[in-house]
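# Chain and residue survey
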Amino acid sequence: MLLKLALKSVVSRRSSAVIILFISFAVCLFCVANSVFDSTEQGIQANYIASFTGDFIVLPQSKMQQSLFGDSTPVTGELTVLSSIVPYEQIVQEISDLPEVDCVTGQISGAAMVERYDGANRSASYVFGVEGEDYLKVMKSIKILRGTPYAHGERGAMLCSQVAQKLGVDVGEMIQFVVADGPNYRIRAATVSAILEYDVYNEIFSTFILVDPVTVRSLLGINEVYSSSDYDIDEENTNLLAENNSFSDFDDLFADAQDYDEALISEDRIEEHSSPEEDVSSNDEVMESTTWNYLIVRLKEGEKAGRVMRKVSKIFKKNGWPVRVANWRRAAGSTAIYLILLRNIFNIGIIIVLSAGFIIVNNSLVINILDRTREIGTLRAIGAKKRFISLQCMTENLILTLTSGVLGIIAGKICVHFINKAHIVLTNSLLVQLFGSEAIFVHVTVFNVIKLFILVIALALLGWIYPVMNALKVSPVDAIQGAK
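Residues numbered from 1 in each chain as written. Predicted model: local features only at pLDDT ≥ 70, side-chain atom pairs only at ≥ 80, totals over all residues. Heavy atoms only, no water.

## Section: the overall build of the protein
Secondary structure summary: the protein contains 16 helices and 10 strands in total. Among the 484 residues that make up the protein, the fraction classed as buried is 43%. Look at the contacts in the protein between residues 6 or more apart in sequence, and 80% of them connect residues 24 or more apart. Element-wise, carbon and sulfur atoms account for 58% of the exposed surface of the protein, whose accessible area totals about 26800 Å². (Helix = DSSP H or I, 4+ residues; strand = E, 2+ residues; numbered from the N terminus. Buried < 20%, exposed > 50% of the residue type's maximum accessible area, 1.4 Å probe, protein only. Contact = heavy atoms within 4.5 Å. Areas by Shrake-Rupley, 256 points an atom, 1.4 Å probe, with all protein chains shown as cover.)

## A look at the nonpolar core
Ranked by size, the top nonpolar core spans 77 residues in total, and within it Phe 52, Val 58, Phe 128, Leu 159 and Phe 177 carry the most contacts. Residues contacting Val 58, with those up to four places away along its chain left out, are Ile 85, Ile 91, Ile 95, Asn 293, Tyr 294, Leu 295, Val 297, Phe 316, Val 323, Arg 324 and Val 325. With 19 residues, the next largest nonpolar core counts Ala 6, Ile 23, Val 36 and Leu 400 among its residues. (Core = buried A, V, L, I, M, F, W, Y, C linked by side-chain atoms within 4.5 Å.)

## Notes on the environment of Lys 304
With respect to the element layout, Lys 304 can be found in the loop between β9 (294-299) and α9 (305-319). Of the residues examined, Lys 304 reaches a relative accessible area of 60% and is grouped as exposed. In this structure the C-alpha to C-alpha distance between Lys 304 and Asp 55, which are 249 residues apart in sequence, comes to 9.0 Å.

## Here's the deal with the pattern of salt bridges
Any two side chains of opposite charge can pair if their charged atoms end up close together. Overall, the coordinates contain 7 salt bridges when judged by the stated rule. A salt bridge links Asp 118 to Arg 116, with the shortest nitrogen-to-oxygen separation between them at 2.8 Å. With a relative accessible area of 55%, Asp 118 lands in the exposed category. Bridged by salt links that share partners, the residues Glu 100, Glu 303, Arg 307 and Lys 311 form one connected network. (Salt bridge = Lys/Arg side-chain N within 4 Å of Asp/Glu carboxyl O.)

## Remarks on unusual backbone geometry
Here the amide bond leading from Val 86 into Pro 87 is cis, since omega sits at -5°, within 30 degrees of zero. A positive phi angle, close to 55°, is found at Asn 121, a residue other than glycine. Tracing the sequence through the fold places Asn 121 in the loop between β2 (101-116) and β3 (123-129). Residue classification places Asn 121 among the partly exposed residues on the basis of a relative accessible area of 36%.

## Quick word on a nonpolar patch on the surface
Residues Leu 402, Ile 457, Leu 461, Ile 465 and Met 469 make up a contiguous nonpolar surface patch of roughly 380 Å² in combined accessible area. In terms of residues, the nonpolar patch owes the most to one element, helix α15 (residues 446-473), which gives 4 residues. By the element assignment, Leu 402 lies in helix α13 (residues 386-422). Since its relative accessible area comes to 32%, Leu 402 is described here as partly exposed. (Patch = residues over 30% accessible without salt bridge, like charges linked within 9 Å, V, L, I, M, F, W, Y side chains within 5 Å.)

## A word on the confidence of the model for the protein
Mean pLDDT over the protein works out to 77, with 70% of the residues at or above the 70 mark. Taken together, the stretch residues 229-233 has pLDDT below 50 and engages in 5 contacts with residues farther than four places along the chain or on a different chain. (pLDDT = per-residue confidence, 0-100.)

## A look at the pairing of strand β6 (residues 174-181)
The buried fraction of β6 amounts to 6 of the 8 residues, a majority that puts the element mostly inside the structure. The sheet contact formed by β6 and strand β7 (residues 184-198) spans 8 bridges and is antiparallel. Pairing of Ala 180 across the sheet is with Tyr 185, part of β7. Following β6, the chain reverses through 2 residues before pairing antiparallel with β7; Gly 182 in that reversal takes a positive phi of roughly 70°. (Pairing = 2+ DSSP bridges.)

## A look at the side chain of Arg 186
Relative to the helices and strands, Arg 186 resides in strand β7. Looking at Arg 186, the relative accessible area reads 19%, which means it is buried. Within the local environment of Arg 186, its side chain forms a polar contact with the backbone oxygen of Leu 220, the two atoms lying 3.2 Å apart. (Polar contact = N/O pair within 3.5 Å; in protein donor to acceptor, adjacent residues only side chain to side chain.)

## Some thoughts on the pairing of strand β1 (residues 56-60)
The element β1 is largely enclosed, with a buried count of 5 among its 5 residues. Neither face of β1 is open: one carries Phe 56, Val 58 and Pro 60, the other Ile 57 and Leu 59, and all of them are buried. Sheet analysis places β1 next to β9, joined by 3 bridges and oriented antiparallel. By the bridge assignment, Val 58 is partnered in β9 with Leu 295. Both β1 and strand β10 (residues 323-327) contribute to a ladder of 5 bridges, which runs antiparallel. Following the sheet pairing, Phe 56 is matched in β10 by Asn 327.

## What about helix α3 (residues 88-96)?
For α3, the complete set of buried residues consists of Tyr 88, Ile 91 and Ile 95. Taken down its axis, α3 places every buried residue within 70° of arc, on the same side. (Arc of directions from axis to C-beta.)

## A closer look at the environment of Leu 5
Relative to the helices and strands, Leu 5 is located in helix α1 (residues 2-12). Classification of Leu 5 by relative accessible area gives partly exposed; the value is 32%. Sequence separation between Leu 5 and Glu 396 is 391 residues, and the spatial gap between their C-alpha atoms is 8.9 Å. Those residues in contact with Leu 5, other than ones at most four positions away along the chain, are Phe 388 and Gln 392.

Here it is in structure tokens:
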């Protein structure tokens, strides 16, 4: 009965159509605006994750806010040395074993001046020391235009086409890096092995160069630490100079030494004991460095980064390792701040406009009930209880707002459909960076629909509580006489 009376009251009033139309328009705008917000957020996120940040990174614990660009130390002046991940091998093993993880790669970061080998076209840049082939497996957005990525153990650098054009170099040519460390300079050279491009170019991508990790460690003066797990030493050989050793004096070690005029080991004996393949593989094992500033983690399709990050953090805490995780936004660092600020400014402007509209909508709902003070007084005079009147007014507001919400969302989805169908192509580089793609594509998510319904229900309650409380305070006699 209550729903029937409320529905009849809504249909009988002319103001109901105006209120529904106005709220529907506001909900439609809000729906489209939310879709635009989500498209910019998802576009930037997808572009950064697939280009250089991964889904999240692992970095050493530190008081300073670090990103993949380090602490943005200037090229001139004292060079800040970043901490390394310890214990590297165990951490990589733990993360790689997680079923949600697709691939992991290490990175070393530093700032340097980069120039052509003849000293021309110098510019400041960041150097990312990475394993070429492993890095490209993680970064799905990178495409090789010319050349090939440098292999493990090789020296080389990979430049995006914009940087290559700026430096005036191509595949096979040499570039050199210069780092100032106090009064001294370190200079290292590398051959350009590949020219690459990103699916959606961002100016941030031209601020760093991918270089082999050995060159970057040498350039930054980082002492390499090698894996100790590859050495297998018998316990009896770990204490050659112990007291129980058969040698009583250090000189006794060389007691049987003699001078020879020719080599004692022939080539046949060398081939007998060791083959070239064995030498190469053995050398690769011992020279595997574990000195890395960051670990970049790429998750499998559909995995939630936040959930995996919490899981990884628990593993680190349990083992007492001095490392932490950071999401893609923190990994991008200050270079992404201006995009976030632009997006927030855009969001704030839309929210202000929509907030003003919803204030008007709320006022309309309030006035709608206040104008019915005489009707409420009459209902109370014939025996209607306060609770019944309150529920009726609340039901009427819910009918108005929910109907408006449904119509507004339908209208919003229609607008979004036509926006996508128009296939709006962006030519402004700033807008391309903001949306994370060269064409605008927006969509209404289930989460946005839920938010909009929560919003319209909140409007119904806000437009019901205050006016009903005031109307119920008026006595039935005064209400019938026209009290407001």
